[in-house]
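# Examining the three-dimensional arrangement
As a plain string of letters, each chain reads:
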Amino acid sequence: MTALTAKVTEPAPPPPDARAPKRRGIELTLLAGAVLVSVLGHLYVGLATTGHTPRLAARYAGGLAATALLAHLAVRFRAPYADPLVLPIAVLLNGLGLVLIQRLDATTPGHLTAGDQLRWSALGLALFVLVVVLLRDHRVLQRYAYLSVAGALVLMLIPVFFPAVNGAHIWIRFAGLSFQPGEFAKILLAVFFAAYLAANRTALALTGRRLFWKLRLLPGRVLGPILAIWLLSVGLLVLERDLGTSLLFFGLFVIMLFTATGRIGWIAIGLLLAALGAYAVGTFEPHVHSRVDDWLNPFASIERGEGPGQLAQSLFAFGAGGLLGAGLGHGHSFLIGFAAKSDFILATAGEELGLVGLAAILLLYGLLVARGFRAGLALRDPFGRLLATGLASIVALQVFVIAGGVTGLIPLTGMAMPFLAQGGSSVVTNWIIVALLVRLSDSARRPRPTEEGAP
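Residues numbered from 1 in each chain as written. Predicted model: local features only at pLDDT ≥ 70, side-chain atom pairs only at ≥ 80, totals over all residues. Heavy atoms only, no water.

## Quick notes on the overall build of the chain
Assigned secondary structure in the chain consists of 16 helices and four strands. Classification of the 455 residues of the chain by burial places 49% in the buried group. For the chain, restricting intrachain contacts to residue pairs at least 6 apart in sequence, the fraction spanning at least 24 positions comes to 74%. Element-wise, carbon and sulfur atoms account for 68% of the exposed surface of the chain, whose accessible area totals about 21,700 Å². (Helix = DSSP H or I, 4+ residues; strand = E, 2+ residues; numbered from the N terminus. Buried < 20%, exposed > 50% of the residue type's maximum accessible area, 1.4 Å probe, protein only. Contact = heavy atoms within 4.5 Å. Areas by Shrake-Rupley, 256 points an atom, 1.4 Å probe, with all protein chains shown as cover.)

## Structural notes on empty space enclosed by the protein
Once rolled over the atoms, a probe with the size of a water molecule shows which space is left empty. Scanning the entire structure with this criterion turns up six cavities of 30 Å³ or more. Counted as a void, the second largest cavity has a volume near 80 Å³. Lining the second largest cavity are 11 residues, with Gln180, Glu183, Thr245, Leu248 and Met415 positioned closest to its centre. At the level of elements, α7 (181-206) and α9 (243-261) are the ones that each hand at least two residues to the lining of the second largest cavity. Grouping the constituent residues of the lining of the second largest cavity by class yields three nonpolar, five polar and three charged. (1 Å grid on protein atoms, 1.4 Å probe; cavity = no way out; pocket = protein on both sides within 12 Å on 5 of 7 lines; lining within 4 Å. Points joined across faces, edges and corners; volume = space filled by probe spheres on them. Nonpolar A, V, L, I, M, F, W, Y, C, P; charged D, E, K, R; others polar.)

## Description of the nonpolar core
Formed by 115 residues in total, the largest nonpolar core has its most connected members in Phe128, Leu391, Met417, Leu420, Trp431 and Val438. For this core, the element with the most residues is helix α15 (residues 382-406), which contributes 14 residues. Excluding anything up to four places from it in sequence, Leu420 contacts Leu93, Leu96, Gly97, Leu100, Ile101, Ile345, Leu346, Ile361 and Tyr365. (Core = buried A, V, L, I, M, F, W, Y, C linked by side-chain atoms within 4.5 Å.)

## So, a nonpolar patch on the surface
A contiguous nonpolar patch, built from Leu28, Leu69, Leu73 and Phe77 and spanning about 380 Å² of accessible area, is present on the exposed surface. It is helix α3 (residues 57-78) that provides the largest number of residues to the nonpolar patch, a total of three residues. By the secondary structure assignment, Leu73 is in helix α3. (Patch = residues over 30% accessible without salt bridge, like charges linked within 9 Å, V, L, I, M, F, W, Y side chains within 5 Å. Salt bridge = Lys/Arg side-chain N within 4 Å of Asp/Glu carboxyl O.)

## Quick notes on the packing of helix α14 (residues 345-378) against α15
Two numbers describe how α14 lies on α15: the axes approach to 8 Å, and their chain directions differ by 165 degrees. Classed by the angle they form, the pair α14 and α15 counts as roughly antiparallel. Like other packed secondary-structure pairs, α14 and α15 cross with a definite hand, here left-handed. Contacts between α14 and α15 pair Leu346, Leu362, Tyr365, Leu368, Val369, Gly372, Phe373, Ala375 and Gly376 from the former with Arg385, Ala388, Thr389, Ala392, Ser393, Val395, Ala396, Val399, Ala403 and Val406 from the latter. Considered class by class, the residues forming the contact of α14 with α15 number 14 nonpolar, four polar and one charged. (Axes fitted to C-alpha atoms, helices over the stretch in contact; angles between N-to-C directions. Parallel < 35°, antiparallel > 145°, perpendicular 65-115°, else oblique. Left-handed = near helix turned anticlockwise from the far one by under 90°.)

## As for the packing of α3 against helix α4 (residues 86-105)
In the contact formed by α3 and α4, the axes pass within 11 Å of each other and the chain directions differ by 160 degrees. Classed by the angle they form, the pair α3 and α4 counts as roughly antiparallel. Relative to α4, α3 is oriented so that their crossing is right-handed. Residues Tyr60, Ala71, His72 and Val75 of α3 form the contact with α4, whose participating residues are Leu87, Gly95 and Leu98.

## Structural notes on the packing of aromatic side chains
Inspection of the entire model under this criterion finds seven aromatic pairs. For the ring pair Phe193 and Phe253, a centre distance of 4.6 Å and an interplane angle of 65 degrees mean the geometry is edge-to-face. On the criterion of sequence distance, the pair formed by Phe193 in helix α7 and Phe253 in helix α9 is long-range, its members being 60 residues apart. There is no split in this pair, since Phe193 and Phe253 are both buried. Site record: aromatic cluster; members linked through ring pairs are Tyr146, Phe192, Phe193, Tyr196 and Phe253. (Phe/Tyr/Trp six-rings, centres within 6.5 Å; stacked < 30°, edge-to-face > 60°.)

## Points about helix α6 (residues 145-157)
Counted at 1.5 Å a residue, the expected span for α6 with its 13 residues is 18 Å, and the 19 Å between its end C-alpha atoms agrees. Among the residues of α6, Ala145, Ser148, Val149, Ala152, Leu155 and Met156 are the ones counted as buried. Along the long axis of α6, the arc covered by the buried residues comes to 125 degrees, so they all point the same way. Summarising the geometry of α6, the exposed residues directed more than 90 degrees from the buried face are Tyr146 and Leu147. (Expected span 1.5 Å × (residues − 1). Arc of directions from axis to C-beta.)

## Regarding α4
For α4, built from 20 residues, the straight-helix expectation of 28 Å at 1.5 Å per residue is met to within 8% by its first-to-last C-alpha distance of 29 Å. Most of α4 is tucked away, with 20 of its 20 residues classed as buried.

## Remarks on the environment of Ala199
Mapped onto the elements of the fold, Ala199 is located in helix α7. Sequence separation between Ala199 and Pro382 is 183 residues, and the spatial gap between their C-alpha atoms is 8.5 Å.

## Details of the pattern of salt bridges
Considering all chains together, one arrives at 10 salt bridges under this definition. Between Asp83 and Arg371 there is a salt bridge whose closest N-O contact spans 2.7 Å. Of this pair, Asp83 sits in the loop between α3 and α4 while Arg371 sits in helix α14, and the two are 288 residues apart along the sequence. The exposure class of Arg371 is buried, given its relative accessible area of 18%. Via salt bridges that share partners, Arg439, Asp442 and Arg446 belong to a single interconnected network.

## Structural notes on the environment of Phe184
Along the polypeptide, Phe184 turns up in helix α7. In contact with Phe184, other than residues within four places in its own chain, are Leu155, Phe179, Ser425, Val428, Thr429 and Ile432.

## Notes on the side chain of Glu27
Take Glu27: it is sitting in helix α2 (residues 24-50). In contact with Glu27, not counting residues within four places along its chain, are His72, Val75, Asp83, Pro84, Leu87 and Pro88.

## Thoughts on unusual backbone geometry
The backbone phi angle of Arg23 is positive, close to 60 degrees, even though this residue is not glycine. In this fold, Arg23 is placed in the loop between α1 (2-9) and α2. Overall, Arg23 belongs to the partly exposed group, its relative accessible area being 41%. A positive phi angle, near 70 degrees, is found at Phe419, a position not held by glycine. You can see Phe419 is positioned in the loop between α15 and α16 (424-445). Accessibility expressed as a relative area gives 3% for Phe419, which makes it buried.

What follows is the structure in structure tokens.
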């Protein structure tokens, strides 16, 4: 009787099909839709600007479909449990960027960049495949924390020794090629911050003398890192005259610090230090001061009889777009000038796709960021959780800084809209970020093996 009772009450093993769905079929379907939207946009721009379909339309469609399929196969076989939305969103944003750049090329026949952007996008997708295939466990990156920060510092300092481009020392130009090292430095800094905070999160959360309510005065050994990052941020701004990069690096650290400790006081300290640094540099640095003046009064050049500046033209473009837009190829955002394909490409989207199209683009960015945060919440190891949060925050900060700048919400910075804007360094870096998010989401969604004899 006892043996029978024991046999009856013995827990049954879990059913063999009780596992997380991989959803690779959903990813493939969404990828097909993303490629189709991009190809249709490519054809429409050709018809609107030249009256006939582009000569290399079939090659463009085939190449985009082939690279997207290759990326899908890499995910299917190397990261089968990855989030099914991350890759299609990136392909769609990249495809929309190619369409917008192709449209602007039609009005700048002496400065064609769509072909270069397509080649950089192909390189970015190739690196995406390499990262997904070769990086089997994201925790390996934690071993190279200090090597990562050393490499990031070198990449950030090198442009200081090269001539300024459009007032900022953020480019390296050599033998006809241009390279923006700060784009790659942000990934290395995210890896270092995640490793450092994962190892020291307890000390950062619990140490310090209470001042009032939940605010604590931290000792120097704990407060030192955030002060060092703040000083580095201001130093980069002074040397490189690049407000966007400084805000990105400092904001990234503060967000990850808050994620690691859960203490709202870090946000307050970060905002205070950022405000003090921005005020000081905006007051005493001429290049930054001029951008602040343009932000405060974007129509001053019109009042002086000099014609509208870039920010004024951008605001006119958004206003002309209305709800549904003028249609691809029928806007005038090219009047913004040399930055129409980079800093101000969102103005073209706003004018020619309207508020509806602009909102759809911003929702795609929001969904990509949300999936990154979701992967971070699902991961158990602190390093992976912080790394996913940091990578998603990089995208979120860039979108906020750029969209805020071109709409007059904050001063202009000169950064590149992820995937959308012209820029080889930017598109390659963002594809690496997407690859890391795919790897992290695969680890987050992958079923955990049960222990021997566990129910």
